[in-house]
Amino acid sequence: MINLYDYEIKKLEELMLSIGQKKYRATQLFKWIYEKRVTDFNLMSDISKSFITELNEKFCLDIPKIYKKQVSQDGTIKLLLELKDKSKVETVLMRYNYGNVACVSSQVGCNMGCAFCASGLFKKQRNLDTSELIGQILVLDNLLKETNERVSHVVVMGTGEPFDNYENVLSFIRILNHPYGFAIGARHITVSTCGIVEKIRQYANEGLQINLAISLHAPNNEIRNKIMAINHKYPLEELMEAVKYYEKTASRRVTFEYILLSDVNDSKECAIELANLIKGTLAYVNLIPFNPVNELKYKRSSGNRVHEFMDILMKRGINCTIRKEFGTDIDAACGQLRAKNEKEAL
Ligand code: SAH
């Protein structure tokens, strides 16, 4: 069975042509499955009986199942979803005052090996298909239906490295952004990467207006090498060159994410070094309070440290914000719910 959620509109047009249908079928199907959210081909009233029979025979509209659901006091919903091969991935819905933000996973497990991240406790098993990325939004939208709401913003910041699953993530983004798809504005979509340099350059050339966030987390190679394995492959000099290329080519600025880890990367010297590192870019910094992970030795920086760090950056003309925390009562740190579930299963 072919899952229609795997196809962005261009690919669906090709698929339609390849089975002897007209190209416009793709638009028709997009409107039914995303605009109207119809999942039963028999209800697609402007489609001929014979094509409906073919759709029922060859195509499906499958989405992941909810395996576990946690709801936080602040309204955050954390789901552990079960995929068709029984793999589990996490999806989170955060309630910001400006909208419903879905944080989606892009891979089962992750190979990037960041020392502070719970997702990396389990190696990558595979990439998620486009339909599994789309499915995460559809599952959340189904939950939100009760209150007549939908996901309004998407961040690809769950488990996995999106640029290590480039094609599927890009198809996903195009479906989110398409007017007959989810019609979510490009500025409401963010992809976060640990810094795969050639993919940042490729992404710069896509002509998309999607937000790009870079997990920086250190102001120099010495510290970054210790906490982010990817830095051995793409040291800061190369990463910063790619960021500048992106800014120039896409005419967009990036966000640098910086987790403050007590006594690792949160000193005044680090703040000054960070300001100097990014001075030549248009970027701003999102300071992230570390979400403690039981298995890991890191501690979060004190509130004072965080504010001192921020002051130093601001005084040097670097815009920065402190990330609001959600769902701290429900294993909301990246990959924690899945990690807990995998451990229980051992
Ligand atoms: N692989 C991508 C996207 C997934 S991680 C990336 O590296 O950007 C999404 C963000 O969560 C990254 O900035 C990551 O560094 C951060 N993160 C991971 N573990 C965390 C933790 N325990 N506390 C706070 N942020 C964390």
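Here, the structure is the one placed above.
Residues numbered from 1 in each chain as written. Predicted model: local features only at pLDDT ≥ 70, side-chain atom pairs only at ≥ 80, totals over all residues. Heavy atoms only, no water.

A. Broad picture of unusual backbone geometry. If you check the backbone angles, A183 has positive phi at about 55° while not being a glycine. Residue position: A183 is located in the loop between α5 (166-177) and β10 (189-193). When its relative accessible area of 49% is taken as the criterion, A183 is described as partly exposed. (Helix = DSSP H or I, 4+ residues; strand = E, 2+ residues; numbered from the N terminus. Buried < 20%, exposed > 50% of the residue type's maximum accessible area, 1.4 Å probe, protein only.)

B. Fine view of the packing of α5 against helix α6 (residues 197-204). Running from N to C, α5 and α6 cross one another at 30°; their axes reach a closest spacing of 12 Å. Considering only the axes of α5 and α6, their crossing is right-handed. Contact residues: Y166, E167 and L170 in α5; K199, Q202 and Y203 in α6. Across the contact of α5 with α6, the residue classes break down as three nonpolar, one polar and two charged. (Axes fitted to C-alpha atoms, helices over the stretch in contact; angles between N-to-C directions. Left-handed = near helix turned anticlockwise from the far one by under 90°. Contact = heavy atoms within 4.5 Å. Nonpolar A, V, L, I, M, F, W, Y, C, P; charged D, E, K, R; others polar.)

C. Inspection of the site of the ligand at higher detail. For the ligand, the set of nearby residues contains 20 residues, the closest of which are E161, S192, S215, H217 and N291. Residue S192 places a side-chain N or O atom 2.6 Å away from an oxygen atom belonging to the ligand. Side-chain polar atom of S215 to an oxygen atom of the ligand: 2.6 Å apart, as the coordinates give it. The residue makeup of the shell around the ligand, split by class, is eleven nonpolar, seven polar and two charged. (Near = heavy atom within 4 Å. Polar contact = N/O pair within 3.5 Å; in protein donor to acceptor, adjacent residues only side chain to side chain.)

D. Summary view of the side chain of Q21. Its place among the elements puts Q21 in the loop between α1 (9-18) and α2 (25-35). A distance of 3.0 Å separates a polar atom in the side chain of Q21 from a polar atom in the side chain of R25. Beyond its immediate chain neighbours, meaning those up to four positions away, Q21 contacts M16, F51 and E54.

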